[in-house]
Amino acid sequence: MKIHLTSVFVDDQEKALRFYADVLGFVKKHDVPLGEDRWLTVVSPEEPDGTELLLEPSGHPAVHPYKAALVQDGIPAASFAVDDVQAEFNRLRELGVQFTQEPLEMGSVTTAVLDDTCGNLIQIVHSK
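Let us look at the structure shown here. Within any chain, residue numbers begin from 1 and follow the written order of that chain's sequence. In keeping with the model being predicted, local features are shown solely for residues with a pLDDT of at least 70 and side-chain atom pairs are shown and tallied solely at 80 or more, while totals for entire chains, interfaces and linings include all residues. Side-chain metrics rest on all non-hydrogen atoms present in the structure, leaving aside hydrogens and water.

Observations regarding the pattern of salt bridges
Two side chains bearing opposite charge may form a pair once their charged atoms approach each other closely. Definition used for salt bridges: Asp or Glu carboxyl oxygen within 4 Å of a side-chain nitrogen of Lys or Arg. Scanning the model with the defined rule gives eight salt bridges in all. The salt bridge partner of E102 is R93, with a shortest N-O separation of 3.6 Å. Among the residues examined, E102 registers a relative accessible area of 49% and is labelled partly exposed. Each of E14, K28, D31 and R38 takes part in salt bridges that share partners, so that together they form one network. Summary of the burial criterion: residues with accessible area below 20% of their type's maximum are buried, those above 50% are exposed, and those between are partly exposed, where the area comes from a 1.4 Å probe applied to protein chains only.

See below:
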């Protein structure tokens, strides 16, 4: 068994696609209209047939309080692996990305946490 799909709730799917593709570097995999919303997924360009990230609309009434509580407590909604947290932090900071946690080394793991502009905190991580 392996993870096929996971999701983050986003306030605006088009804005989320621009951020996740143009800034973070993911590529669009599926974009299927579903009424007012879309089945919109992105994948890593390094693994085009790998785990998909669904940019899921935040329309359900439970989503807003859930996302707000996670952000309030500084809890990332997702975690993405990178080869070098400091280099990725520098690249993203140059693109105007806001971080709530700068790179932090904790033993064999280095993390940083960014704001995805769509209501979520996202962690980038590298394990030695």
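As for helix α3 (residues 85-94)
For helices the rule is a DSSP run of H or I covering at least 4 residues; for strands it is a run of E covering at least 2, with both sets numbered from the N terminus onward. Every buried residue of α3 is listed here: V85, E88, F89 and L92. For α3, the arc enclosing every buried residue in end-on projection is 105 degrees, short of the 170-degree limit, so these residues lie on one face. Pairs of residues are marked as contacts when any of their non-hydrogen atoms sit within 4.5 Å. Those residues of α3 that are buried are in contact with α1 (13-23), β6 (99-106), β7 (109-115) and β8 (121-127). Backbone nitrogen of Q86 and a side-chain oxygen of the N-cap are separated by 3.1 Å at the start of α3; the cap is D84. This arc is taken over the directions from the axis of the helix to the C-beta atoms. Two N or O atoms count as a polar contact when they lie within 3.5 Å, although within protein this holds only if one can serve as hydrogen donor and the other as acceptor, and sequence-adjacent residues are included solely when both atoms are side-chain atoms.

Re the sheet that holds strand β3 (residues 37-43)
For two strands to pair, DSSP has to find at least two bridges joining them. Within the open sheet, the four strands sit side by side as β1-β4-β3-β2. Their pairing is mixed. Of all the strands in the sheet, just β1 (5-10) and β2 (27-34) have a single pairing partner and so form its edges. Neighbour to neighbour, the strand axes of the sheet diverge by 25 degrees on average, direction disregarded. Note that β3 and strand β4 (residues 52-57) share two bridges and pair antiparallel. Directly across from T41, in β4, lies its bridge partner L54. Axis geometry follows a simple rule: fit a line to the C-alpha atoms, using only the stretch in contact for helices, then measure angles between N-to-C directions, giving values from 0 to 180 degrees.

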